[in-house]
Amino acid sequence: MDFDEMVNLALKPDGNLKLILKGNVEQVNDEPLGVVAVVYLTSDAQLAKKKFTELNENKTADEFYMVYSCPQDTYLPTLGHYPSLEISRADLGM
């Protein structure tokens, strides 16, 4: 499954929570540090799509966004795939 397919799947109006994660690389004490944070949460698929589009249209080169659809009251690691972003050594400039 490619990126667009994963995004479209996550943005289906299925009653699940929609989480948008942001990954970026920050400089801390002159060292690159990968940071991943939840930046938006809603149960409204249309609001999630609007925010995800807005964030991606205005992101900087070192920002990465992904959207996920997750059921409430679930220990997420029990799912086949759950909210995460990979930040590689290359992303850190190493």
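You'll find the structure just up there.
This section reports on the structure supplied with the text. (Residues numbered from 1 in each chain as written. Predicted model: local features only at pLDDT ≥ 70, side-chain atom pairs only at ≥ 80, totals over all residues. Heavy atoms only, no water.)

### Concerning unusual backbone geometry
Line of reasoning, step 1. The phi torsion at asparagine 29 lies on the positive side, around 55°, for a residue other than glycine.
Line of reasoning, step 2. Counting through the fold element by element, asparagine 29 comes out in the loop between strand 1 (17–28) and strand 2 (31–42).
Line of reasoning, step 3. With relative accessibility at 73%, the residue asparagine 29 sits in the exposed group.
Line of reasoning, step 4. Its identity is not glycine, yet aspartate 30 carries a phi of approximately 65°, on the positive side.
Line of reasoning, step 5. Structurally, aspartate 30 is set in the loop between strand 1 and strand 2. (Helix = DSSP H or I, 4+ residues; strand = E, 2+ residues; numbered from the N terminus. Buried < 20%, exposed > 50% of the residue type's maximum accessible area, 1.4 Å probe, protein only.)

### So, the environment of methionine 1
Line of reasoning, step 1. One can find methionine 1 in the segment before helix 1 (3–10).
Line of reasoning, step 2. Not counting residues up to four positions away in its chain, the partners in contact with methionine 1 are Met6 and Leu9. (Contact = heavy atoms within 4.5 Å.)

### Structural notes on the sheet that holds strand 2
Line of reasoning, step 1. Read from one edge to the other, the open sheet built from 3 strands follows the order 2-1-3, with strand pairing classed as antiparallel. Strand pairing shows two members of the sheet lacking a second neighbour, strand 2 and strand 3 (63–70), which therefore form its edges. When strand polarity is set aside, the average angle formed by the axes of neighbouring strands in this sheet is 25°.
Line of reasoning, step 2. Where strand 1 meets strand 3, 8 bridges bridge the pair, whose relative direction is antiparallel. In the strand pairing of strand 3, glycine 23 is matched with phenylalanine 64.
Line of reasoning, step 3. Contacts from helix 1 reach strand 1 and strand 3, with the element oriented near 45° to strand 3. (Pairing = 2+ DSSP bridges. Axes fitted to C-alpha atoms, helices over the stretch in contact; angles between N-to-C directions.)

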